[in-house]
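Take a look at the letters that make up each chain.
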Amino acid sequence: MSKLKAIIVGASGYTGAELALILNRHPQFELSGLYVSSNSADANKPISNLYPQLRSLVDLPLQPLPADNAEIGNLAQQFDTVFLATAHEVSHDYAPIFLNAGCQVFDLSGAYRVNNAEFYTQYYGFQHQHPQLLQSAVYGLAEWNHEQIKQTDLVAVAGCYPTVSQLSLKPLLENDLIDRSQLPVINAVSGVSGAGRKANLTSSFCEVSLNAYGVFNHRHQPEIANHLGCDVIFTPHLGNFKRGILATITAKLKAGVSAEQVQAAFEQAYHGRPLVRLCGRHFPAIKQVEFTPFCDIAFAVKDQHIIIVGAEDNLLKGASAQAVQCANIRYNFPETAGLF
Ligand SMILES: NC(=O)C1=CN([C@@H]2O[C@H](COP(=O)(O)OP(=O)(O)OC[C@H]3O[C@@H](n4cnc5c(N)ncnc54)[C@H](OP(=O)(O)O)[C@@H]3O)[C@@H](O)[C@H]2O)C=CC1
Ligand SMILES: CC(=O)N[C@@H](CCC(=O)OP(=O)(O)O)C(=O)O
């Protein structure tokens, strides 16, 4: 079978560069173009000028996309698969153009994750113009939405915090083990790459130590609650490290639920799912998941309380690796192709 022609839009950013590395070694994709905005300061530079670690691995230039949408549509007809590693508003505008040109689209942004146009006005600050696409997009939480992902041309890859949070809580909720009268509480710490590559004072080296942010108003709270089917309290934190997310989640179990039942729920959920590693009582650390496509999970039960700890690399399982995992599922390739 000939390889699928894949391109990355937003290739100069952090998740774009990770995608370039993965797709370049992927056995079923031909990495056919790296694109940036029409007026990008990085246009026409080799990607390895920005990311020297890619030298001799990915020898492609960053090409400016046309400024005109019709021209983007014409260009798109040459390709099969598009990974949008762009800001939410940009993905919102580009996804329909690539879909109309016949591409399958894997969007890393939040633009198509929640089927509720009002949510975008409230949490993203823009009015969603494509309610039909919102309805047909499939949420790319790979372990849980296999069958839907196989049948869609638009995957809205799950957010970084929502991925680790939902992978940690879903087995319990699906098996009705949680006492919902007490909301699960998610405290998660992210490395600074979560904020993207552009310069920003709050994420600059001398400013970052460890702080909570987005308290009671981060856009990932409703994303998590919407797809879990359970309200949660979610507090993100910014830590002074480059990559990785550690989420510590506290919940109340229903009376009589045992640690063995919880273990069985996790094992059943992730049996045959190679990118979730259950770690027993060995609580995961970021160092064991950084630069890997895994989400690692461990838990402990005491009386009716459960503490679950999940860890992932925000740029990989929380973004680019999960996007390619979704593409592998969509095209019926081995689920981990290109990811190791
Ligand atoms: N960082 C993370 O941990 C995660 C990020 N995401 C999501 O993935 C997306 C990308 O994030 P991230 O890689 O961190 O972002 P970055 O800010 O690092 O990169 C975004 C890239 O998009 C390019 N870009 C901007 N405007 C356009 C345009 N109109 N057309 C083409 N390219 C454009 C920029 O380059 P230039 O301006 O030079 O064109 C830039 O390199 C975001 O939606 C983010 O929310 C999801 C999960 C985790
Ligand atoms: C540390 C940091 O700033 N993290 C980002 C989340 C990462 C991201 O890009 O969000 P999505 O997963 O929704 O795309 C934030 O809190 O906005």
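Since the structure is predicted, the reported quantities are computational estimates derived from the model, not experimental observations.

Asks: Please explain the overall build of the chain as it appears in this structure.
Replies: When you go through the chain residue by residue, the secondary structure sums to eleven helices and 14 strands. The C-alpha atoms of the chain give a radius of gyration of 20 Å, which matches the 20 Å a tight globule of 340 residues would have. Principal-axis analysis of the C-alpha atoms places the extent of the chain at approximately 60 × 45 × 40 Å. Among the 340 residues that make up the chain, the fraction classed as buried is 45%. Sequence separation of at least 24 residues holds for 68% of the intrachain contacts in the chain that already meet a minimum separation of 6.

Asks: Looking at this model, I keep getting lost on the site of ligand 1. Mind explaining?
Replies: As a structural note, the neighbourhood of ligand 1 is formed by 32 residues, with Gly10, Gly13, Ser37, Ser109 and Gly196 the closest of them. Looking at the shell around ligand 1, the elements with two or more residues in it are α1 (14–25), β2 (29–36), α4 (88–100) and α11 (316–330). Residue contributions to the shell around ligand 1 peak at three residues, all from α1. Residue contributions to the shell around ligand 1 reach at least three from each of two domains, namely domain 1 (4–158 + 318–330) and domain 2 (160–317).

Asks: Help me understand the packing of α1 against α11 in this model?
Replies: Geometrically, a packed helix pair is captured by the angle between its two axes and the distance between the axes. Contact pair α1 / α11: the axes reach a minimum separation of 9 Å and the direction vectors enclose 40°. Considering the angle they form, α1 stands oblique to α11. Between α1 and α11 lies a crossing whose hand is right-handed. Facing Thr15, Glu18, Leu19, Ile22 and Leu23 of α1, the residues of α11 in contact are Leu316, Ala319, Ser320, Ala321, Ala323 and Val324. When the residues that make up the contact of α1 with α11 are grouped by side-chain class, the tally is eight nonpolar, two polar and one charged.

Asks: Is there a simple way to think about the sheet that holds strand β9 (residues 210–212) in this case?
Replies: Two strands in a sheet stick together by hydrogen bonds in their backbones, pointing the same way (parallel) or opposite ways (antiparallel). With respect to topology, seven strands assemble into an open sheet ordered β9-β10-β8-β11-β14-β13-β12, the strand pairing being mixed. Bordering the open sheet on either side are β9 and β12 (276–278), each of which pairs with just one other strand. Between one strand axis and the next, the sheet turns by 20° as a mean value, whatever way the strands run. Looking at chain direction, β9 and strand β10 (residues 233–239) are connected through three bridges and run antiparallel.

Asks: Mind showing me how you'd approach the sheet that holds β2 here?
Replies: Sheet architecture is open: seven strands sit in the order β3-β2-β1-β4-β5-β7-β6, paired in parallel fashion. The open sheet terminates on both sides in strands that have one partner only, identified here as β3 (62–64) and β6 (138–140). Going across the sheet, the axis of each strand differs from the next one's by a mean of 30°, ignoring polarity. Summarising the sheet, strand β5 (residues 104–107) and strand β7 (residues 154–157) pair through three bridges and their orientation is parallel. Counterpart to aspartate 107 in the pairing with β7 is alanine 156.

Asks: Please explain the nonpolar core as it appears in this structure.
Replies: Most often, soluble globular proteins have nonpolar side chains that are buried together. One finds Ile8, Ala20, Phe83 and Ala323 to be the most contacted residues of the largest nonpolar core, which totals 91 residues. Broken down by element, the residue count for this core peaks at eight residues, all from α11. When we break this core down by domain, the ones giving at least three residues each are domain 1 (4–158 + 318–330) and domain 2 (160–317). Discounting residues that sit within four places of it in the chain, phenylalanine 83 has contacts with Ala6, Ile8, Leu19, Phe106, Leu108 and Ala323.

Asks: Got a minute to help me understand the UniProt feature "active site" (unreviewed entry) in the chain in this structure?
Replies: Under the UniProt annotation, the feature "active site" (unreviewed entry) is placed at Cys160. By secondary structure assignment, the location of cysteine 160 is in helix α8 (residues 160–174).

What counts and how
- Residues numbered from 1 in each chain as written.
- Chains lettered and ligands numbered in written order.
- Predicted model: local features only at pLDDT ≥ 70, side-chain atom pairs only at ≥ 80, totals over all residues.
- Helix = DSSP H or I, 4+ residues; strand = E, 2+ residues; numbered from the N terminus.
- Rg over C-alpha atoms; globule rule 2.2 N^0.38 Å.
- Buried ≥ 20, exposed ≤ 12 C-beta atoms within 10 Å, placed from the backbone.
- Contact = placed C-beta atoms within 7 Å.
- Near = placed C-beta within 6 Å.
- Domains from an automatic or database assignment.
- Axes fitted to C-alpha atoms, helices over the stretch in contact; angles between N-to-C directions.
- Parallel < 35°, antiparallel > 145°, perpendicular 65-115°, else oblique.
- Left-handed = near helix turned anticlockwise from the far one by under 90°.
- Nonpolar A, V, L, I, M, F, W, Y, C, P; charged D, E, K, R; others polar.
- Pairing = 2+ DSSP bridges.
- Core = buried A, V, L, I, M, F, W, Y, C linked by C-beta atoms within 7 Å.
- UniProt positions renumbered as here; feature names shortened; annotations may be inferred.

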